[in-house]
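# Structure assessment
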Amino acid sequence: WLTRARDLLHDEPGPQSLSDLAHRIGLHPIYIARAFRARFGCAVGEYVRSLRVERARRLLHHTRLPLSEIAARAGYSDQSHMTRDFRRAFDQSPAVYRRLTRGH
């Protein structure tokens, strides 16, 4: 069931919360949270954030979509949240990353 839970997180749109994931799996959220951390080495929320920021990175690299559209497609509620997570993950803003990868 842990592999299924992880696979659900990769789906677009995936579960929107730990409670949603628990409902889809049919187990208690606390049980899922503990087992997920033990198996994958991070909290469910951390895993979801890493998936979102990676989706955003790919979209920045391969499209010319506006940052607000990339944020929405990557699963962020707004562009500022994406920018914060992106800086934390890659030590640069999404706009700088895009310029550097596009050679501008």
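Attention here is on the structure that accompanies the text. Fair warning: this is a prediction, and the values are worked out from it, not measured in the lab.

Where helix α4 (residues 44-62) contacts helix α6 (residues 79-90), the axes come no closer than 10 Å and their chain directions differ by 90°. Considering their axes alone, α4 and α6 lie roughly perpendicular with respect to each other. The residues of α6 that touch α4, namely those facing Arg-49, Val-53, Glu-54, Ala-56, Arg-57 and Leu-60, are Met-82, Asp-85, Phe-86, Ala-89 and Phe-90. Considering only residue class, the contact of α4 with α6 consists of seven nonpolar, no polar and four charged.

Of note, Asp-91 is a non-glycine position whose phi angle comes to about 60°, a positive value. With respect to the secondary-structure elements, Asp-91 resides in the loop between α6 and α7 (94-102). Of the residues examined, Asp-91 reaches a relative accessible area of 73% and is grouped as exposed.

If you look at the biggest cluster of nonpolar residues, it comprises 15 residues, and the most contacted ones within it are Leu-9, Leu-21, Ile-25, Ile-32, Phe-36, Val-44 and Tyr-47. Each residue touching Leu-21, except ones within four places of it in the same chain, is listed here: Ala-5, Leu-8, Leu-9, Pro-15, Ile-32 and Val-44. The next biggest cluster of nonpolar side chains, apart from the first, holds 13 residues, and it includes Leu-59, Leu-67, Ala-74 and Tyr-76.

Attention now moves to the packing of aromatic side chains. Within the structure shown, the criterion is met by seven aromatic pairs. Measuring from ring centre to ring centre gives 4.7 Å for Phe-36 and Phe-40, while their planes differ by 50°; the resulting arrangement is tilted. Here the residue Phe-36 and the residue Phe-40 both occupy positions in helix α3 (residues 29-40), the gap between them amounting to four residues, near one helical turn. Among the aromatic residues, those joined into a cluster by ring pairs are Phe-36, Phe-40 and Tyr-47. The ring of Tyr-76 carries Arg-52 above its face, with NZ or CZ at 5.9 Å from the centroid.

Let us now look at the pattern of salt bridges. Side chains carrying opposite charge are able to pair once their charged atoms draw close together. The full count for this structure, using the stated rule, is seven salt bridges. One salt bridge in this structure joins Glu-54 and Arg-58, with 3.9 Å as the shortest N-O distance. Separated by four residues within a single helix, Glu-54 and Arg-58 lie in helix α4, roughly one turn from each other. The partly exposed category is assigned to Glu-54, whose relative accessible area is 27%. For Arg-58, a relative accessible area of 38% corresponds to the partly exposed category. A salt bridge links Asp-85 to Arg-84; its shortest N-O distance comes to 3.9 Å. Owing to a relative accessible area of 7%, Asp-85 belongs among the buried residues under this scheme. Given a relative accessible area of 41%, Arg-84 falls into the partly exposed group. Through salt bridges with shared partners, a single network forms among Glu-54, Arg-57 and Arg-58.

What counts and what doesn't
Residues numbered from 1 in each chain as written. Predicted model: local features only at pLDDT ≥ 70, side-chain atom pairs only at ≥ 80, totals over all residues. Heavy atoms only, no water. Axes fitted to C-alpha atoms, helices over the stretch in contact; angles between N-to-C directions. Helix = DSSP H or I, 4+ residues; strand = E, 2+ residues; numbered from the N terminus. Parallel < 35°, antiparallel > 145°, perpendicular 65-115°, else oblique. Contact = heavy atoms within 4.5 Å. Nonpolar A, V, L, I, M, F, W, Y, C, P; charged D, E, K, R; others polar. Buried < 20%, exposed > 50% of the residue type's maximum accessible area, 1.4 Å probe, protein only. Core = buried A, V, L, I, M, F, W, Y, C linked by side-chain atoms within 4.5 Å. Phe/Tyr/Trp six-rings, centres within 6.5 Å; stacked < 30°, edge-to-face > 60°. Lys NZ or Arg CZ within 6 Å of the ring centre and 35° of its normal. Salt bridge = Lys/Arg side-chain N within 4 Å of Asp/Glu carboxyl O.

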